[in-house]
Amino acid sequence: MKFFFDYERPELAAMLDPPFRATQLYKSVYQRRFDDFALMTDLPKSLRSALAQEWDVKLPVVHRRFDSTDGTRRYLVAVERWRTC
């Protein structure tokens, strides 16, 4: 299974047809914060189904949140996954 967060938008565009689907995916994940392809209704249903079979799009786990006195929040997230060979 491919991990969505391992790829940048140009790499996704090279893998998808038509390439603008990469922008749609990025907006769904990074702006709308979707972690389920079924929620991405701007994509064709057949593509959503195919992507769900091949890709993992779950958002990274927040390990710790840091709150500053000025209201700023920072998050420590896990973005790298252990791989087995």
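Reading the values: rules and limits
- Residues numbered from 1 in each chain as written.
- Predicted model: local features only at pLDDT ≥ 70, side-chain atom pairs only at ≥ 80, totals over all residues.
- Heavy atoms only, no water.
- Helix = DSSP H or I, 4+ residues; strand = E, 2+ residues; numbered from the N terminus.
- Contact = heavy atoms within 4.5 Å.
- Core = buried A, V, L, I, M, F, W, Y, C linked by side-chain atoms within 4.5 Å.
- Buried < 20%, exposed > 50% of the residue type's maximum accessible area, 1.4 Å probe, protein only.
- Polar contact = N/O pair within 3.5 Å; in protein donor to acceptor, adjacent residues only side chain to side chain.
- Phe/Tyr/Trp six-rings, centres within 6.5 Å; stacked < 30°, edge-to-face > 60°.
- Lys NZ or Arg CZ within 6 Å of the ring centre and 35° of its normal.
- Pairing = 2+ DSSP bridges.
- Patch = residues over 30% accessible without salt bridge, like charges linked within 9 Å, V, L, I, M, F, W, Y side chains within 5 Å.
- Areas by Shrake-Rupley, 256 points an atom, 1.4 Å probe, with all protein chains shown as cover.
- Salt bridge = Lys/Arg side-chain N within 4 Å of Asp/Glu carboxyl O.

Visitor: I would appreciate a short explanation of the side chain of Gln24 in the present structure.
Guide: One can find Gln24 in helix α2 (residues 21-31). With residues near it in sequence (within four places) discarded, Gln24 still touches Asp42 and Leu43.

Visitor: Whenever I open this one, the nonpolar core confuses me. Can you help?
Guide: Within soluble globular proteins, side chains that are nonpolar tend to cluster in buried spots. Phe4, Leu25, Phe37, Met40 and Leu51 are the most contacted members of the largest nonpolar core, which totals 16 residues. Residue assignment for this core shows that the elements contributing at least two residues are α2 and α3 (45-54). Those residues in contact with Phe4, other than ones at most four positions away along the chain, are Leu12, Leu25, Tyr26, Val29, Tyr30, Trp55, Asp56 and Val57.

Visitor: Is there a simple way to explain the environment of Arg65 in this structure?
Guide: Position of Arg65 among the secondary structure elements: in strand β3 (residues 61-67). Within the structure, the side chain of Arg65 is placed 3.1 Å from the side chain of Asp67, a separation counted as a polar contact.

Visitor: Just to check I follow, could you spell out α2 for this structure?
Guide: In an α-helix, one turn spans 3.6 residues; hence positions three or four apart end up facing the same way. Residues Arg21, Ala22, Gln24, Leu25, Tyr26, Ser28 and Val29 constitute the buried set of α2. On its buried side, α2 packs onto α1 (9-15) and α3. After α2 finishes, the residue Arg33 shows a positive phi value of roughly 60°.

Visitor: Can you help me understand the packing of aromatic side chains in this one?
Guide: The geometry of an aromatic ring pair comes down to the distance between the two centres and the angle between the two planes. The tally for this structure, following the rule as stated, stands at 7 aromatic pairs. On the numbers, 5.1 Å between centres and 65° between planes, the contact of Tyr7 with Trp55 is edge-to-face. Taken together, the positions of Tyr7 in the loop between β1 (2-3) and α1 and Trp55 in strand β2 (residues 55-56) put the pair 48 residues apart, joining distant regions of the chain. Relative accessible area serves as the criterion here: at 7%, Trp55 is assigned to the buried category. Each member of the aromatic cluster is reached from another via a ring pair, and the members are Phe3, Phe4, Phe5, Tyr26 and Tyr30. In this structure, Arg74 is placed above the aromatic ring of Phe66, and the distance from its NZ or CZ to the ring centre is 5.3 Å.

Visitor: Looking at this structure, how should I read the pairing of β3?
Guide: On a regular strand, one side chain projects to one face of the sheet and the next to the other, so that they alternate. Relative to strand β4 (residues 73-78), β3 runs antiparallel, the two sharing 6 bridges. Bridging across to β4, Val61 finds its partner in Ala78. From the end of β3 to the start of β4, which pair antiparallel, there are 5 residues, and Gly71 there has a positive phi angle of about 95°.

Visitor: Is there a simple way to think about a nonpolar patch on the surface in this case?
Guide: A cluster of nonpolar residues, Val62, Tyr75 and Val77, forms a patch on the protein surface that exposes about 260 Å² of accessible area. As for its position among the elements, Val77 is in strand β4. Val77 sits in the partly exposed class, given a relative accessible area of 35%.

None of the figures reported here should be taken as evidence of function without further support.
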